[in-house]
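Single-letter residue listing:
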Amino acid sequence: MKQDLYNQFASRKQQGRKSFSVLIDPDKVDSKSIDQIVGLSIEAKVDYFFVGGSLVISNHLDECIQMIKSQCTIPVVLFPGSPSQVSKYADALLYLSLISGRNPELLIGQHVISAPFVKMSGLEIMPTGYIVVDGGAPTTVSYISNATPIPADKNEIAMCTAMAGEMLGMKLIYMDAGSGAKKPITEAMIEKVATHIECPLIIGGGIIEPEKAYNNCKSGADIIVVGNAIEKDPSLIKEMSAAIHSVSFSA
Ligand code: 1GP
């Protein structure tokens, strides 16, 4: 199994370097907005693109990734909302198991069905424990997953879930309040989880202010994912990136 990008995630964590990932939902962009987001991301030294969405109604996932790839060398990681969201043009795939839920389909069922297809893609596969936390409003991910998110103030449940995921062999933990969450994950919860796991910790959902991204990194997040806020205002990329990267330098 290829591990290049994962090794990069892990070594950045070891060095205390924080990363910024811009989330692109293929349903919400056209060629003009991709150009703009990629241009701003190159300038702002964005570390990764995550591509995917809970639905992906359109069928231009391949096209979207090819457009990104034709303009930059920023790695593209698939963040799939369903097993059909696999593209050989990406660099890696977050192989997500929804460990905060009790829906067997999203824990293992869909993986069984998609395994041969995922393996054949040749992508670097990153086994990821996906933890959905209540973000104060029903988000697409909580509806689609048919699973109860972890209550926002139950830090111990999040901690134990992440620990279990890591001990089961997951290489990344992704805690998500859901796209467009009203309340992003608290710093207290991030800190509780970060101090009990060794693998890289990804945080996303409802982050709209650079200060929040900064505080999340200070609390132990390794990779910050922002989607919605950037769709609304792409100029935010620069400030977000500077805030996240400033933690690395002051660490
Ligand atoms: C959602 O973590 C991502 O799955 C990003 O959320 O779109 O709210 O930034 P936002």
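In what follows, the structure referred to is the one given above.
Residues numbered from 1 in each chain as written. Predicted model: local features only at pLDDT ≥ 70, side-chain atom pairs only at ≥ 80, totals over all residues. Heavy atoms only, no water.

1. Topic: the packing of aromatic side chains
What describes a pair of aromatic rings is the distance from one ring centre to the other and the angle between the planes of the rings.
In step 1: Considering all chains together, one arrives at 6 aromatic pairs under this definition.
In step 2: Considering the side-chain rings of F9 and Y48, the 4.8 Å spacing of their centres and the 65° angle between planes classify their relative orientation as edge-to-face. Within this pair, whereas F9 is found in helix 1 (residues 4–14), its partner Y48 is found in strand 2 (residues 48–51), the two being separated by 39 residues in sequence.
In step 3: Look at F9 and you get buried, because its relative accessible area is 3%.
In step 4: Assessed through its relative accessible area of 1%, Y48 is described here as buried.
In step 5: Where Y130 meets Y174, the ring centres are 5.3 Å apart and the plane angle is 80°; that geometry is what we call edge-to-face. (Phe/Tyr/Trp six-rings, centres within 6.5 Å; stacked < 30°, edge-to-face > 60°. Helix = DSSP H or I, 4+ residues; strand = E, 2+ residues; numbered from the N terminus. Buried < 20%, exposed > 50% of the residue type's maximum accessible area, 1.4 Å probe, protein only.)

2. As for the sheet that holds strand 5 (residues 124–132)
Strand-to-strand pairing in sheets goes through backbone hydrogen bonds, with the strands running parallel or antiparallel.
In step 1: Around the barrel, which closes on itself, the 8 strands sit in the order 1-2-3-4-5-6-7-8 with parallel pairing between neighbours. Strand-to-strand, the axes of this sheet are offset by a mean angle of 30°, without reference to chain direction.
In step 2: Strand direction decides the pairing type here: strand 1 (residues 19–24) and strand 2, joined by 4 bridges, are parallel. Note that in strand 2 the partner of V22 across the bridge is F49. (Pairing = 2+ DSSP bridges. Axes fitted to C-alpha atoms, helices over the stretch in contact; angles between N-to-C directions.)

3. Points about the environment of Q85
In step 1: Relative to the assigned elements, Q85 resides in the loop between strand 3 (76–78) and strand 4 (92–98).
In step 2: At a separation of 2.9 Å, a polar atom in the side chain of Q85 contacts the main-chain carbonyl oxygen of G53. (Polar contact = N/O pair within 3.5 Å; in protein donor to acceptor, adjacent residues only side chain to side chain.)

4. Some remarks on the site of the ligand
In step 1: Neighbouring the ligand are 13 residues; D176, S179, G180, G227 and N228 lie closest to it.
In step 2: Out of a free accessible area of 310 Å², the ligand has 96% covered by protein chains.
In step 3: Considered class by class, the residues forming the shell around the ligand number 4 nonpolar, 8 polar and 1 charged. (Near = heavy atom within 4 Å. Areas by Shrake-Rupley, 256 points an atom, 1.4 Å probe, with all protein chains shown as cover. Nonpolar A, V, L, I, M, F, W, Y, C, P; charged D, E, K, R; others polar.)

5. Regarding the pairing of strand 7 (residues 201–204)
In step 1: Side chains L201 and I203 project from strand 7 onto one buried face, and the interleaved I202 and G204 project onto a second face that is buried too.
In step 2: After leaving strand 6 (residues 172–176), the chain enters helix 7 (residues 187–194) and then returns to the sheet as strand 7, a path that is right-handed.
In step 3: Judged from the 3 bridges that link them, strand 7 and strand 8 (residues 223–226) form a sheet pairing that is parallel. Considered in strand 8, the bridge of I202 is made with I223.
In step 4: In this fold, the crossover linking strand 7 to strand 8 by way of helix 8 (residues 210–218) has right-handed handedness. (Right-handed = clockwise from strand over helix to strand, strands pointing away.)

6. Some details on helix 6 (residues 155–167)
In step 1: Given a rise of 1.5 Å per residue, 13 residues ought to cover 18 Å, and the 18 Å separating the end C-alpha atoms of helix 6 matches this to within 8%.
In step 2: Every buried residue of helix 6 is accounted for by N155, A158, M159, T161, A162 and G165. Buried residues of helix 6, seen end-on, are gathered within an arc of 165° and therefore sit on one face of the element.
In step 3: The elements touched by buried residues of helix 6 are strand 5, strand 6 and helix 7. (Expected span 1.5 Å × (residues − 1). Arc of directions from axis to C-beta. Contact = heavy atoms within 4.5 Å.)

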